[in-house]
Amino acid sequence: MCSGLGYSSIASNLRYDPSILACIILGEYFHIPFYQSLIAIILSFVLAFIGLQASGETDINPLGTIGKITQVVFCKFPADNLQALQRSDLMTANVASSAAAQSK
């Protein structure tokens, strides 16, 4: 599946761990540091539980709010320039809201 991208050997060595593979892809394509993408995955795991609780009570999953909370957390992380900070904010918010959308 990913043999054209050269990730087949990485995926087989990591035994298809999706969180580490997501950190590698975020670092390779979007230049987000590994620690930031790992924090985004951990934060999305915690926020998915909050979204699941809200979805159970109101039948509405707060995806926009989860993305905004993640952006608030990542706006204070160091970046080289404004464009790198915006890219980091948007991609980590996308990771968190996508994880919350899958928990429904």
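Above this note sits the structure.
Remember, predicted model here, so these are calculated numbers, not experimental data. (Residues numbered from 1 in each chain as written. Predicted model: local features only at pLDDT ≥ 70, side-chain atom pairs only at ≥ 80, totals over all residues. Heavy atoms only, no water.)

**Focus: the overall build of the protein**
If you tally the helices and strands in the protein, you get 5 helices and 0 strands. From first element to last, N terminus to C terminus, the protein shows the α and β order α-α-α-α-α. A buried classification covers 30% of the 104 residues belonging to the protein. Here the contacts in the protein between residues at least 6 apart in sequence split such that 55% fall between residues at least 24 apart. Carbon and sulfur atoms form 63% of the exposed surface of the protein, whose accessible area is close to 6,700 Å². (Helix = DSSP H or I, 4+ residues; strand = E, 2+ residues; numbered from the N terminus. Buried < 20%, exposed > 50% of the residue type's maximum accessible area, 1.4 Å probe, protein only. Contact = heavy atoms within 4.5 Å. Areas by Shrake-Rupley, 256 points an atom, 1.4 Å probe, with all protein chains shown as cover.)

**Here's the deal with helix α2 (residues 18–30)**
In a regular helix each residue adds 1.5 Å, so 13 residues correspond to 18 Å; α2 covers 17 Å between its end C-alpha atoms and thus fits that length. Burial in α2 covers these residues: L21, C23 and L26. Just beyond α2, the residue with positive phi is H31, at close to 55°. (Expected span 1.5 Å × (residues − 1).)

**Brief notes about helix α5 (residues 82–102)**
Three or four residues apart is the spacing at which side chains of an α-helix point the same way, because the helix has 3.6 residues per turn. Taking 1.5 Å of rise per residue, the 21 residues of α5 would be expected to cover 30 Å, and the 30 Å separating its terminal C-alpha atoms lies within 8% of that figure. Every buried residue of α5 is accounted for by A84, S88, D89, M91, T92, A93, A96, S97 and A100. Those residues of α5 that are buried are in contact with α2, α3 (34–58) and α4 (63–74).

**Let's talk about the packing of aromatic side chains**
Using the criterion set out here, one finds 3 aromatic pairs in the structure. Taking the centre distance of 4.8 Å and the plane angle of 20° together, the rings of F74 and F77 count as stacked. Judged on exposure class, the residue F74 and its partner F77 are both buried. Through a chain of ring-to-ring contacts, three or more aromatic side chains come together here, namely Y35, F74 and F77. (Phe/Tyr/Trp six-rings, centres within 6.5 Å; stacked < 30°, edge-to-face > 60°.)

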